[in-house]
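# Coordinate analysis (summary)
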Amino acid sequence: MSENSVTVELIQQHDYRFDIHFADSIPVLTGDEPAPLGTGQGPSPVQLLCAAVGNCLSDSLLFALRKFKQAPEPLRCTVEAEVGRNTDNRLRVLRMTATLRLGVPAAQLEHLDRVLAQFEAYCTVTQSISQSIPVTLQVFDSTGMQLRQNPLTLQETT
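Figured I'd write up the structure that's included with this text.

What counts and how
- Residues numbered from 1 in each chain as written.
- Predicted model: local features only at pLDDT ≥ 70, side-chain atom pairs only at ≥ 80, totals over all residues.
- Heavy atoms only, no water.
- Pairing = 2+ DSSP bridges.
- Helix = DSSP H or I, 4+ residues; strand = E, 2+ residues; numbered from the N terminus.
- Axes fitted to C-alpha atoms, helices over the stretch in contact; angles between N-to-C directions.
- Buried < 20%, exposed > 50% of the residue type's maximum accessible area, 1.4 Å probe, protein only.
- Lys, Arg positive; Asp, Glu negative; His and termini not counted.
- Salt bridge = Lys/Arg side-chain N within 4 Å of Asp/Glu carboxyl O.
- Contact = heavy atoms within 4.5 Å.
- Polar contact = N/O pair within 3.5 Å; in protein donor to acceptor, adjacent residues only side chain to side chain.
- Patch = residues over 30% accessible without salt bridge, like charges linked within 9 Å, V, L, I, M, F, W, Y side chains within 5 Å.
- Areas by Shrake-Rupley, 256 points an atom, 1.4 Å probe, with all protein chains shown as cover.
- Core = buried A, V, L, I, M, F, W, Y, C linked by side-chain atoms within 4.5 Å.

Here four strands make up an open sheet; going across it, the order is β4-β5-β6-β7 and the pairing mixed. Because the sheet does not close on itself, it has two edges, and the strands there are β4 (76-85) and β7 (146-149). Pairs of neighbouring strands in the sheet enclose a mean axial angle of 15°, with direction left out of account. Two elements, strand β6 (residues 135-140) and β7, share three bridges in a ladder whose sense is antiparallel. Across the sheet, the residue bridging to Val139 is Arg148, located in β7.

What follows is the structure in structure tokens.
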């Protein structure tokens, strides 16, 4: 049973360029394939997937830290998708790597170990897609110290 539903409507403008409508109060976003298929006048579907993963992970981390009244801002997140051919020679997202960076040193945040151990489990998008696409997660503080790397991916790559 679903708790709610989300509807997005795409309307073709020209070739591979679509206007993406979310809701009445949200501005329309244009999506497009890069050349040679499209003209690159908006993010590609793979870029939108990366944005969804990064946005959801960032939201989950921020929410978890704010529950403990911590201020990690400004957060940054980079998501890289490796696109390649599968065994049927079709282009697929083969794996993704998300790198979250806190805006402050880890020493300034209380309960950080507890937050880092569990926030990813609350990321709806990442948990959903990671059932078919391996997602590696790394977290660093503002000094560049690595605080976490998702252990499931480490075991898969070793």
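Moving on, we come to the side chain of Asp141. Tracing the chain through its elements places Asp141 in the loop between β6 and β7. In this structure, Asp141 is buried with no salt-bridge partner, the nearest side chain bearing the opposite charge being Arg101 at 7.8 Å. Leaving out residues up to four positions away in the same chain, Asp141 has contacts with Leu102, Val104, Pro105, Ala106 and Leu147.

The next point concerns the sheet that holds strand β3 (residues 29-31). Read from one edge to the other, the open sheet built from three strands follows the order β1-β2-β3, with strand pairing classed as antiparallel. Two strands bound the open sheet, and with one partner strand each, they are β1 (9-14) and β3. The average angle at which neighbouring strand axes cross in this sheet is 30°, direction not considered. For β1 and strand β2 (residues 17-21), the ladder comprises five bridges, and the chain directions are antiparallel. Residue pairing for β2: Ile11 is matched across the bridge by Asp19.

Here the focus is the environment of His14. Structurally, His14 is set in strand β1. The spacing of His14 and Asp24 is ten residues in sequence and 23 Å in space, taken between C-alpha atoms. Separated by 3.2 Å, the side chains of His14 and Asp15 make a polar contact.

Below, the discussion takes up a nonpolar patch on the surface. Together, Val6, Val8, Leu10, Phe22 and Ile26 make up a nonpolar patch on the protein surface, roughly 450 Å² of accessible area in all. Within the element layout of this structure, Phe22 appears in the loop between β2 and β3.

By the definition in use, this model includes four salt bridges. Across the pair Glu82 and Arg95 runs a salt bridge whose closest N-O atoms are separated by 2.9 Å. Here Glu82, found in strand β4, pairs with Arg95, found in strand β5 (residues 91-101); they are 13 residues apart in sequence, far enough to count as distant. The exposure class of Arg95 is partly exposed, given its relative accessible area of 40%. Arg148 is paired through a salt bridge with Glu120; the nearest N and O atoms lie 3.2 Å apart. Of this pair, Arg148 sits in strand β7 while Glu120 is found in the loop between α2 (112-118) and α3 (124-129), placing the two residues 28 residues apart along the sequence. An identical accessibility class is assigned to Arg148 and Glu120; each is buried.

Now for the nonpolar core. Formed by 26 residues in total, the largest nonpolar core has its most connected members in Leu57, Leu61, Met96 and Phe119. Going through the elements one at a time, α1 (45-67), β5, α2 and β6 are the ones with two or more residues in this core. Here the element with the most residues in this core is α1; it accounts for seven residues. Ignoring sequence-local partners within four residues, the contact set of Phe119 consists of Leu57, Ser60, Leu61, Ala64, Leu100, Leu137, Val139 and Arg148.

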